[in-house]
Amino acid sequence: IGNLTVPDNDFGSGDIAFSADDFARFPERSILHLPFVLGAISFFHSVPTGEAQLNLTPCVLAKILKREITDWSDSEIAELNPDLRLNSLPITVAHRVLGSSSTASITEYLNNACPSVWTDDLVGKTIDWPTDTRGCEGSGGMTDCIRETPGTIGYIDSGHG
């Protein structure tokens, strides 16, 4: 939307679809919206697992991000990872602070994959995260947040992960 507010600019790009309200903001302009997706978003963590892979279901992931599961030694995580010995380590949830397509994508994914835990009110490019989560600015900032604190989980577009 930002590029369309510049008077002589006829082009803009973004990776969040225009809503009816967005179109209504520019009644004097003809806007052609061509949605496209060029990248993937993944969840990354800094849990010390050695060479082992950490397995999480969408519902367990949703519970982690909602702060219903707060320690990596939780029984639901242990059940999904029987060969992985996770010591007690607090989970830090990292999220984007500004409206982002990454946030929009992962919140929509969680809502589709586990709607009983990740409800409709938790979908969007900005959401109300629990107060004990860590806000990070941009994909590079998210990478730093995850790297800096052992036990952190967050989401990053594949180009930065």
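Residues numbered from 1 in each chain as written. Predicted model: local features only at pLDDT ≥ 70, side-chain atom pairs only at ≥ 80, totals over all residues. Heavy atoms only, no water.

### Section: the state of the cysteines
Stage number 1. What the rule picks out here adds up to 2 disulfides.
Stage number 2. Bridging Cys59 to Cys114, the disulfide has an S-S length of 1.9 Å. Every disulfide takes its handedness from the sign of the S-S torsion; for Cys59 and Cys114 that torsion is 110°, giving right-handed. Placement of Cys59 in helix α2 (residues 58-65) and of Cys114 in the loop between α4 (101-113) and β3 (134-136) is noted, with a sequence separation of 55 residues between them.
Stage number 3. Using a relative accessible area of 28% as the deciding quantity, one classes Cys59 as partly exposed.
Stage number 4. Look at Cys114 and you get buried, because its relative accessible area is 1%.
Stage number 5. At a sulfur-sulfur separation of 2.1 Å, the disulfide partner of Cys136 is Cys145. Disulfide Cys136 to Cys145: torsion about the S-S bond roughly -120°, handedness left-handed. (Disulfide = S-S within 2.5 Å. Helix = DSSP H or I, 4+ residues; strand = E, 2+ residues; numbered from the N terminus. Buried < 20%, exposed > 50% of the residue type's maximum accessible area, 1.4 Å probe, protein only.)

### Points about the nonpolar core
Most often, soluble globular proteins keep nonpolar side chains buried together rather than apart.
Stage number 1. Membership of the largest hydrophobic core comes to 30 residues, with the highest contact counts inside it found for Ile64, Leu65, Trp72 and Ile77.
Stage number 2. Only α2, β2 (92-96), α4, α5 (138-148) and β4 (152-157) provide two or more residues apiece to this core.
Stage number 3. The biggest single contributor to this core is α2, with 5 residues.
Stage number 4. Setting aside its immediate chain neighbours within four residues, Leu65 contacts Phe43, Val93, Ile106, Leu110, Trp118, Trp129, Pro130 and Ile153. (Core = buried A, V, L, I, M, F, W, Y, C linked by side-chain atoms within 4.5 Å. Contact = heavy atoms within 4.5 Å.)

### Here we look at the environment of Ser105
Stage number 1. As for its position among the elements, Ser105 is in helix α4.
Stage number 2. Along the backbone, Ser105 and Ile41 are 64 residues apart, and their C-alpha atoms lie at a distance of 7.6 Å.

### Focus: the sheet that holds strand β1 (residues 41-45)
Stage number 1. Pairing in this open sheet of 4 strands is mixed, and the strands run β1-β4-β2-β3 from one edge to the other. At either end of the open sheet lies a strand with only one pairing partner, and these are β1 and β3. In this sheet, adjacent strand axes meet at a mean angle of 30° when their direction is disregarded.
Stage number 2. Here 3 bridges tie β2 to β3, and the two strands are oriented parallel to one another. Bridging from a neighbouring strand, Arg96 pairs with Cys136 of β3.
Stage number 3. Here α4 sits on the sheet and contacts β1, β2 and β4; the angle it forms with β1, its principal contact strand, is near 90°.
Stage number 4. Taken strand by strand, α5 contacts β1, β2, β3 and β4, and its axis lies near 155° from that of β4. (Pairing = 2+ DSSP bridges. Axes fitted to C-alpha atoms, helices over the stretch in contact; angles between N-to-C directions.)

### With respect to the confidence of the model for the protein
Stage number 1. Within the protein, residue pLDDT values average 87, and 81% of them lie at 70 or more.
Stage number 2. Averaged pLDDT values over the elements of the protein bottom out at 78 in helix α1 (residues 20-24) and peak at 98 in α2. (pLDDT = per-residue confidence, 0-100.)

### Considerations on α2
Stage number 1. All buried positions along α2 are accounted for by Val60, Leu61, Ala62, Ile64 and Leu65.
Stage number 2. If you follow the buried residues of α2, they end up packed against β1, α3 (75-80), β2, α4 and β4.
Stage number 3. Positive phi appears at Arg67, one or two residues downstream of α2, with a value of about 75°.

### Concerning the pairing of β4
Stage number 1. With 5 of its 6 residues buried, β4 lies for the most part within the structure.
Stage number 2. In this sheet, β4 lies alongside β2 in parallel orientation, the contact comprising 2 bridges. Bridge pairing links Val93 to Ile153 in β4.

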